[in-house]
Amino acid sequence: DAGVTQSPTHLIKTRGQQVTLRCSPKSGHDTVSWYQQALGQGPQFIFQYYEEEERQRGNFPDRFSGHQFPNYSSELNVNALLLGDSALYLCASSFWTVLGGYTFGSGTRLTVV
Amino acid sequence: AQSVSQHNHHVILSEAASLELGCNYSYGGTVNLFWYVQYPGQHLQLLLKYFSGDPLVKGIKGFEAEFIKSKFSFNLRKPSVQWSDTAEYFCAVNGGTSGTYKYIFGTGTRLKVLA
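What comes next concerns the included structure. Within every chain, residues take consecutive numbers counted from 1 along the sequence as written. Whichever chain is written first is A, and whichever ligand is written first is 1; the rest continue in order. Only residues with pLDDT of at least 70 are given local features in this predicted model, and only at 80 or more are side-chain atom pairs given and counted; all residues enter the totals for whole chains, interfaces and linings. For the side-chain quantities, the full set of heavy atoms in the structure was used; hydrogens and water were omitted.

With that settled, the discussion passes to the state of the cysteines. Residue and element names in this part refer to chain A. Throughout, disulfides are identified as pairs of cysteine sulfur atoms within 2.5 Å of each other. Inspection of every chain in the model, using the stated rule, returns two disulfides over all chains. Paired by a disulfide, C23 and C91 hold their sulfur atoms 1.8 Å apart. The sign of the S-S torsion, about -60°, decides the handedness of the disulfide formed by C23 and C91: left-handed. Pair noted here: C23 is in strand β3 (residues 19-24) and C91 is in strand β9 (residues 87-94), with a separation of 68 residues, a long-range link. We classify C91 as buried; its relative accessible area is 0%. Only runs of H or I of at least four residues qualify as helices and only runs of E of at least two qualify as strands under DSSP, and these elements are numbered from the N terminus. Exposure classes here rest on a 1.4 Å probe applied to the protein chains alone. A residue is buried below 20% of its type maximum, exposed above 50%, and partly exposed in between.

The rule for a salt bridge is simple: a side-chain nitrogen of Lys or Arg has to be within 4 Å of a carboxyl oxygen of Asp or Glu. Per the stated rule, a full pass over the model turns up eight salt bridges over all chains. Its salt-bridge partner being D85 of chain A, residue R63 of chain A comes within 2.8 Å of it at the nearest N-O pair. Of this pair, R63 of chain A sits in the loop between β6 (53-57) and β7 (64-68) while D85 of chain A sits in the loop between β8 (74-78) and β9; the two residues are 22 residues apart in sequence, bridging distant segments of the chain. Across the pair, D85 of chain A and R63 of chain A agree in class, each one buried. Close ionic contact of E64 of chain B with R77 of chain B constitutes a salt bridge, the shortest N to O distance being 3.4 Å. On the criterion of sequence distance, the pair formed by E64 of chain B in strand β8 (residues 64-68) and R77 of chain B in strand β9 (residues 73-78) is long-range, its members being 13 residues apart. What you see here is one network of salt bridges that share partners, running through K58, E64, E66 and R77 of chain B.

Below, the discussion takes up the interface of chain A and chain B. With 23 residues of chain A at the interface, the matching set in chain B holds 20 residues. Contact between chain A and chain B buries roughly 1,700 Å² in total, counting both sides, with carbon and sulfur atoms accounting for 57%. When two components associate, each loses some accessible surface as probed by a 1.4 Å sphere; the sum of these losses over both components is called the buried area. When the buried surface of chain A facing chain B is broken down by residue, Q56, L99 and F104 of chain A rank first, second and third, together holding 31% of it. Between the two partners, chain A and chain B, sit zero salt bridges. Contacts are assigned to residue pairs with any non-hydrogen atoms lying within 4.5 Å of each other.

The criterion for an aromatic pair is that two Phe, Tyr or Trp rings (for Trp, the six-membered ring) have centres within 6.5 Å, with stacked assigned to planes under 30 degrees apart, edge-to-face to planes over 60 apart and tilted to the rest. Counted under the stated rule, the structure contains 20 aromatic pairs over all chains. Note on F104 of chain A and Y36 of chain B: the rings are 5.5 Å apart at their centroids and 90° apart in plane angle, and the pair reads as edge-to-face. In this pair, F104 of chain A is assigned in strand β10 (residues 103-104) and Y36 of chain B in strand β5 (residues 31-38), connecting two distinct chains. Exposure class is identical for F104 of chain A and Y36 of chain B. Each is buried. With centroids separated by 6.4 Å and ring planes inclined at 35°, the aromatic side chains of F34 of chain B and Y36 of chain B adopt a geometry described as tilted. By the ring-pair criterion, three or more aromatic residues cluster together here, those being Y35, F45, Y102 and F104 of chain A together with F34, Y36, F51, Y103 and F105 of chain B.

As a further point, take the nonpolar core. Only buried residues count toward a nonpolar core, which is a set of Ala, Val, Leu, Ile, Met, Phe, Trp, Tyr and Cys residues joined through side-chain atoms within 4.5 Å. Residues L33, W35, L47, L48, F74, L76 and Y89 of chain B are the most contacted members of the largest nonpolar core, which totals 29 residues. If you look at the next biggest cluster of nonpolar residues, it comprises 20 residues, including V19, F47, Y49 and F60 of chain A.

The strands that make up a sheet are held in pairs by hydrogen bonds between backbone atoms, and each pair lies either parallel or antiparallel. Residues and elements named next belong to chain A. Pairing between two strands requires that DSSP report at least two bridges joining them. Ordered by their spatial adjacency, four strands build an open sheet running β1-β3-β8-β7, and the pairing between neighbours is antiparallel. Looking at strand neighbours, the two that pair on one side only are β1 (5-7) and β7, the edges of this open sheet. Across the sheet, the axes of successive neighbouring strands diverge by a mean angle of 15°, strand direction being ignored. Pairing analysis gives five bridges linking β7 to β8, with the strands arranged antiparallel. Each residue of the ladder has a partner; that of S65, found in β8, is N77. To define axes, lines are fitted to C-alpha atoms, for helices over the stretch in contact only, and angles between the resulting N-to-C directions are given on a 0 to 180 degree scale.

A separate point is the pairing of β3 of chain A. Residue and element names in this part refer to chain A. In the sheet, β1 pairs with β3 via three bridges, with the strands oriented antiparallel. In the strand pairing of β3, Q6 is matched with C23. Strand direction decides the pairing type here: β3 and β8, joined by five bridges, are antiparallel. Counterpart to C23 in the pairing with β8 is S74.

Purely geometric numbers; function is a separate question.
Given below as structure tokens:
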């Protein structure tokens with residue numbers, strides 16, 4: 001059990017569509033980070049949410065947006081999907097300091113056709 | 001920008017062989033270092049972490065890593081691997097020029113241990 005729950009596990013979308021991915025953090029964690037992992041690559045940081053605010057963002061376009069709810073769960077939204085957005089999207093939760101390390105979910109596999 | 005390099009993309013070892021996986025990071029001030037492992041079909045799990053103090057860090061399942069500041073390296077080691085160590089290993093850095101909160105991951109090393 002990862003402790004971090006992501007849904008859905010797999011998703012197929014068409015170019016130009018919009019997608020929403022969901023994440024419930026491990027109990028006790030208040031910080032949620034989202035990563036994109038392309039095939040054969042390491043995870044790349046999209047953004048991190050703490051206290052319902054985006055507090056750091058990686059090099060991703062504005063098409064990628066997110067939200068954190070009062071119960072610490074989070075959503076990742078991607079608009080105007082491109083073929084290149086096909087990847088495994090990982091949610092990671094942690095305490096606010098992030099120094100203790102992340103707990104990762106199993107990810108959502110997004111395929112854009 | 002902060003970066004992490006893992007030199008070995010694929011490693012094949014026989015059981016009982018010793019393991020060393022390389023990890024180098026670009027200079028960027030004070031950093032925190034991590035190794036994560038992903039077993040087949042499972043999520044990423046934290047193996048060990050270094051913040052400060054003793055540069056030799058011990059983690060779970062007999063793994064250890066040594067921080068060598070002068071070489072900007074944080075190599076992962078295990079004296080004797082088992083078949084169950086077959087997995088993908090990721091080195092990650094936090095801090096420095098990457099900012100306070102995000103982790104920068106390397107591209108990973110796929111380890112296959114032959115029984």
